[in-house]
Amino acid sequence: MWLSEVMLQQTTVAAVQSYFTRFTSRWPTVADLAAADDGEVMAAWAGLGYYARARNLLACAREVARRGAFPQTEAALRELPGLGAYTAAAVAAIAFGARAVVVDANVERVVARLFAIGEPLPGARKAIRAAADAITPDSGAGDFAQAMMDLGATVCTARQARCLICPLAHLCRARASGAPEAYPVKAARAARPERAGRAFWIAREGPDGGREVWLVRRPGRGMLGGMRALPDDGWSARGDGSGAAPLALDWQALGQVRHGFTHFQLALAVCGATIGAGNPAGEGEWWPMDRIGEAGLPTLFARAALLGTTLVTPRNEASGENNGRECA
DNA sequence: CATCCGTGGAC
DNA sequence: TGTCCAAGGAT
């Protein structure tokens, strides 16, 4: 319940399913998860996004293991890492039968429509919560919450209100207004700025003769924090792609990956080179290319790695018109 | 309260 | 194709 709620934060059921199965079979209990290796958990989360959730999941599992059990009140749950207002209320109501006001994006939308709350988000949150509180029953709050979320997920969706099959249509003021999809009102969002950066595919022939690539681990906070990655020029902090390469090599342009994040669009140039002996500066590890899929790279770097595998020989034949330009 | 944090699917 | 969207949380 706790694991599924965390995975489902801002993430669709379809995206979560296989991850949920994998996590529960590999770490069946909270104690198993608490004892897990950080890197293995982060790798298992790779591709699901919002990686702070995985870091908080581990911290939460360890806190719960230390206590011996989950706390059972909403307020105490709220203190656990990764459990905010929504998740604490959902777990308290659904798992522990408490009366809690559960407000996720579905409930927010359904309530805004039921009461035709015209104030734009996020300012309307207070009024929406008050309205949700007013209609939450004293017993069965968990079932009520799930019913509201199901209604929002399957009937009263963002793009289509489907009032003809809605059991609450006769109560709904937004429907009475004739334009239910106009609710909730949202403030206009700013355009996503464009950022550029470079990532570096450093290859070598490993001790066993197989090809290997140099991978690093990103810092524990910030963009893709705690995840294994290709070395890069610091685009996540600088954003201008003008940072230096990790070392001087005969870099070749392998292509570009465009990737949309929540608040900016990234154009990542992928530069490749082979290294004869020694290691690049800094912390990292040589990873066998034929097992790159098991490295637990977040999607951005998994896509960059796809380009990296096109770097075949120490020096591609001269045809490459990009040689030595983008990646010099 | 605003900003930061991923990703893939729907339209 | 670009835009919007999803069972939010931390700072």
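None of these values were measured; they are calculated from a predicted model.

**Student:** Talk me through the side chain of T87; I want residue IDs and the actual numbers.
**Tutor:** Summarising the element assignment, T87 is placed in helix α7 (residues 85-95). Leave out the neighbours within four places in its chain, and T87 touches E5 and Q9.

**Student:** Before we move on, can you summarise the side chain of E212 with the specific residues and values?
**Tutor:** Residue placement: E212 occurs in strand β2 (residues 211-217). A distance of 2.8 Å separates the side chain of E212 from the side chain of R204, its partner in a polar contact. Discounting residues that sit within four places of it in the chain, E212 has contacts with I202, A203, R204, G206, P207, W286, W287, P288 and M289.

**Student:** Summarise unusual backbone geometry; cite the residues concerned and give the values.
**Tutor:** For the bond from L121 to P122, the omega torsion is 5°, close enough to zero to count as cis. Inspection of the secondary structure assignment puts P122 in the loop between α8 (105-114) and α9 (125-135).

**Student:** Describe the pattern of salt bridges, with residues and values.
**Tutor:** This model, assessed by the stated rule, comprises 12 salt bridges. Salt-bridge contacts for R125 lead to E108; the nearest nitrogen and oxygen are separated by 2.7 Å. Remark: E108 occurs in helix α8 and R125 occurs in helix α9; sequence separation between them is 17 residues. Assessed through its relative accessible area of 11%, E108 is described here as buried. A single salt-bridge network, built from bridges that share partners, covers E63, R66 and R67.

**Student:** An account of the UniProt feature "domain: HhH-GPD" (unreviewed entry) in chain A is needed here, citing residue identities and associated values.
**Tutor:** The positions that UniProt labels "domain: HhH-GPD" (unreviewed entry) are, in the present scheme, residues 7-154. For residues 7-154, helix accounts for 64% and strand for 0%, while the C-alpha atoms at its two ends are 19 Å apart.

**Student:** Quick one: what's the story with the protein's contact with DNA strand C, residue by residue and with numbers?
**Tutor:** Near DNA strand C you find 22 residues, and of these Q10, G82, T87, N106 and R109 are the closest. Near the protein, meaning within 4 Å, the atoms of DNA strand C are sugar or phosphate in a fraction of 72%, with bases accounting for the rest. Between DNA strand C and G84, the relevant distance is 2.8 Å, taken from a phosphate oxygen to a main-chain nitrogen or oxygen of the residue. The side chain of T87 places a nitrogen or oxygen atom 2.5 Å from a phosphate oxygen of DNA strand C. Looking at side-chain class alone, the surface near DNA strand C contains seven nonpolar, seven polar and eight charged residues.

**Student:** Tell me about the nonpolar core, and please be specific about residues and values.
**Tutor:** The biggest cluster of nonpolar side chains holds 98 residues, and the ones touching the most others in it are W201 and F301. Broken down by element, the residue count for this core peaks at seven residues, all from α7. Two domains share this core, each providing at least three of its residues, namely domain 1 (2-182) and domain 2 (194-308).

**Student:** So what about the protein's contact with DNA strand B? Which residues, and what values?
**Tutor:** Close to DNA strand B lie 20 residues, the nearest being Y51, L224, H259, T262 and H263. Counting only atoms of DNA strand B within 4 Å of the protein, the fraction found in sugar and phosphate groups is 60%. Take T11: an N or O atom from its side chain is 3.0 Å from a base nitrogen of DNA strand B. Looking at the surface near DNA strand B, the elements with two or more residues in it are β4 (252-260) and α12 (299-308). Residue classes in the surface near DNA strand B are distributed as nine nonpolar, 10 polar and one charged.

**Student:** Account for the domain arrangement of chain A, with residues named and values stated.
**Tutor:** The assigned domain composition of chain A is domain 1 (2-182) and domain 2 (194-308). A C-alpha centroid distance of 35 Å is found between domain 1 and domain 2. Across the boundary between the two partners, domain 1 contributes eight residues, which contact 14 residues of domain 2. Contact with domain 2 buries surface across domain 1, with M42, Y51 and R55 losing the most and accounting together for 55% of the total.

**Student:** Tell me about the environment of F20, and please be specific about residues and values.
**Tutor:** By the element assignment, F20 lies in helix α2 (residues 13-26). In the structure, F20 is positioned 13 residues away from M7 in sequence and 7.6 Å away in space, judged by C-alpha atoms. With sequence-adjacent residues up to four places away left out, F20 is seen in contact with L3, S4 and M7.

**Student:** Any chance you could break down the packing of α8 against helix α10 (residues 141-154) for me, citing the residues and the numbers?
**Tutor:** Put simply, α8 and α10 touch, their axes get as near as 8 Å, and they point 80° apart. Our classification of the angle between α8 and α10 gives roughly perpendicular. Of the residues in α10, those in contact with N106, V107, R109, V110 and V111 of α8 are M148, M149, L151, G152 and A153. Counted by class, the contact of α8 with α10 contains seven nonpolar, two polar and one charged residues.

**Student:** Go over α8, please, and point to the residues and values.
**Tutor:** Buried residues dominate α8, accounting for nine of its 10 residues. Looking at α8, one finds that the buried residues are N106, V107, E108, R109, V110, V111, A112, R113 and L114. Along its buried surface, α8 packs onto α9, α10 and α11 (173-177). The distance from a side-chain oxygen at the start of α8 to the backbone nitrogen of N106 is 3.2 Å, and the residue carrying that oxygen is D104. Phi for A116, located one or two positions after α8, is positive at around 50°.

Here is what the cut-offs are and how they apply
- Residues numbered from 1 in each chain as written.
- Chains lettered and ligands numbered in written order.
- Predicted model: local features only at pLDDT ≥ 70, side-chain atom pairs only at ≥ 80, totals over all residues.
- Heavy atoms only, no water.
- Helix = DSSP H or I, 4+ residues; strand = E, 2+ residues; numbered from the N terminus.
- Contact = heavy atoms within 4.5 Å.
- Polar contact = N/O pair within 3.5 Å; in protein donor to acceptor, adjacent residues only side chain to side chain.
- Salt bridge = Lys/Arg side-chain N within 4 Å of Asp/Glu carboxyl O.
- Buried < 20%, exposed > 50% of the residue type's maximum accessible area, 1.4 Å probe, protein only.
- UniProt positions renumbered as here; feature names shortened; annotations may be inferred.
- Near = heavy atom within 4 Å.
- Nonpolar A, V, L, I, M, F, W, Y, C, P; charged D, E, K, R; others polar.
- Core = buried A, V, L, I, M, F, W, Y, C linked by side-chain atoms within 4.5 Å.
- Domains from an automatic or database assignment.
- Buried area = accessible area lost by both parts, 1.4 Å probe.
- Axes fitted to C-alpha atoms, helices over the stretch in contact; angles between N-to-C directions.
- Parallel < 35°, antiparallel > 145°, perpendicular 65-115°, else oblique.

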